[in-house]
Amino acid sequence: MKLPALLLFFLISPLLIFGQDFITDSAAIKISYGCSPDRKVEGTNIDIGGSQFELITPLYYHDGGDWSFGAGLRYQNTDIDVSDSSFLNEDNLQSLEVALFLSKDYSESLKGIALFVPGMSGDFKNTGNDAMNYMALAGVRWKRSETFQWIFGAFYSTGFDDDMLLPAIGFMWEPSDRADLVFAGPIIRYRYSLSDSIDWIFGGQFSGNRWKTEGQYTGGNNDPEFAMTAYRLYTTLQWNPSEKHGIFVSAGAELGREVSLQYTNGLELERDLKSAPSFEIGYRFRF
């Protein structure tokens, strides 16, 4: 099953922390496990580290000729290790996102795309509406040649500090049958096939999430919204034993890391988190 439009637009904005995985795996099921060692929260004696399980899968796709539509799902389970429970008394955080897309072919070179992604992130104990956020995208993909295409549009999100509406731009280039490049601001992904069965990938992208948690802390600081973000540089080797199967290992570095807590009483706390290596292993099944 070929899903040429599924979640394509996630590549066009540097603010789309999770988007590149939706694109990369738009026609595949991806299961992965990653980890990062404990590192100090700067200015404190608190260490934070952890590991994460992730599942990305298409749910539905329909090709109606000029029109197509479908849905995909992403689930993350994060085991977080915080050395001081007075800073954050959580050990497991989860998120679930459903991506709904619609596309229309206006010509051989021009395609319109719309994408809506509701999601929920939190400790999933007493999760309410305040754990819900969504992103929306609309724009066009303009194919200049068989090897190069532009993507233009606009992005709206409720999942950051404030609701925001921003323009977005990106491009995709295939210089040869063995290589392709995706670039969208600070999001970059370059793939080169070392052989018929081994791919090497280098990239950089945002990583992290924001979770709504339940907890009572001193000073009336209750039910904080916790965020942990970074910019991740990585290199990946993927072995493709057959057309449908892929096994990959990644190593990288998380830079510019930050943690923040925003409590229901309005108090906010932001701290830098020391840089750390990151590792990931996973499996893809392509349709």
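A. The overall build of the protein, seen in detail. Across its full length, the protein carries one helix and 15 strands. Looking at the protein as a whole, 45% of its 287 residues are labelled buried. Total accessible area on the protein is roughly 13,900 Å²; 57% of this is exposed by carbon and sulfur atoms.

B. Summary view of the packing of aromatic side chains. Under the criterion given, the structure shown has twelve aromatic pairs. Between F206 and Y231, the aromatic rings sit 5.7 Å apart at their centres with planes inclined by 85 degrees, giving edge-to-face as the arrangement. Of this pair, F206 sits in strand β11 (residues 198–212) while Y231 sits in strand β12 (residues 225–239), and the two are 25 residues apart along the sequence. Using a relative accessible area of 27% as the deciding quantity, one classes F206 as partly exposed. Ring centres of Y217 and Y263 lie 6.2 Å apart, and the angle between their planes is 65 degrees; this geometry places the pair in the edge-to-face category.

C. Quick look at the environment of F279. Structurally, the position occupied by F279 is in strand β15 (residues 276–286). In this structure F279 comes out as partly exposed when scored by relative accessible area, which is 43%. When the C-alpha atoms of F279 and T236 are compared, they prove to be 9.8 Å apart, with 43 residues separating the residues in sequence. F279 has contacts with Y33, G34, C35, S250 and A251, leaving out every residue within four places of it along the chain.

D. Examining the nonpolar core more closely. Judged by nonpolar contacts, the single largest core of 16 residues is most densely connected at I48, I80, F87, L88, F226, M228 and V259. When contributions to this core are tallied by element, the ones reaching two or more residues are β3 (67–82), β12 and β13 (245–262). Residues contacting F87, with those up to four places away along its chain left out, are I46, I48, V82, Y217, V259, L261, Y263 and L269. Y61, F101, M135 and L137 belong to the second largest nonpolar core, which has eight residues in total.

E. Fine view of unusual backbone geometry. At D223, a residue that is not glycine, the phi angle is positive and equals roughly 45 degrees. Among the secondary structure elements, D223 is positioned in the loop between β11 and β12.

F. Expanded view of a negative patch on the surface. Side chains of E258, E268, E270 and D272 sit close together on the surface and give a patch of like negative charge. When residues of the negative patch are assigned to their parent elements, the largest contribution, three residues, is made by strand β14 (residues 268–272). With respect to the helices and strands, the residue E258 is situated in strand β13.

G. The arrangement of the pairing of strand β5 (residues 110–122) in detail. Pairing of strand β4 (residues 92–105) with β5, which is carried by ten bridges, proceeds in the antiparallel orientation. By the bridge assignment for β5, L102 is matched with A114. Between β4 and β5, which pair antiparallel and follow one another directly, the connecting turn spans four residues. As judged from the eleven bridges shared by β5 and strand β6 (residues 132–143), these two strands associate in the antiparallel manner. Across the sheet, residue A114 finds its bridge partner in β6, namely A138.

The rules we used
- Residues numbered from 1 in each chain as written.
- Predicted model: local features only at pLDDT ≥ 70, side-chain atom pairs only at ≥ 80, totals over all residues.
- Heavy atoms only, no water.
- Helix = DSSP H or I, 4+ residues; strand = E, 2+ residues; numbered from the N terminus.
- Buried < 20%, exposed > 50% of the residue type's maximum accessible area, 1.4 Å probe, protein only.
- Areas by Shrake-Rupley, 256 points an atom, 1.4 Å probe, with all protein chains shown as cover.
- Phe/Tyr/Trp six-rings, centres within 6.5 Å; stacked < 30°, edge-to-face > 60°.
- Contact = heavy atoms within 4.5 Å.
- Core = buried A, V, L, I, M, F, W, Y, C linked by side-chain atoms within 4.5 Å.
- Patch = residues over 30% accessible without salt bridge, like charges linked within 9 Å, V, L, I, M, F, W, Y side chains within 5 Å.
- Salt bridge = Lys/Arg side-chain N within 4 Å of Asp/Glu carboxyl O.
- Lys, Arg positive; Asp, Glu negative; His and termini not counted.
- Charge placed at Lys NZ, Arg CZ, Asp CG, Glu CD.
- Pairing = 2+ DSSP bridges.

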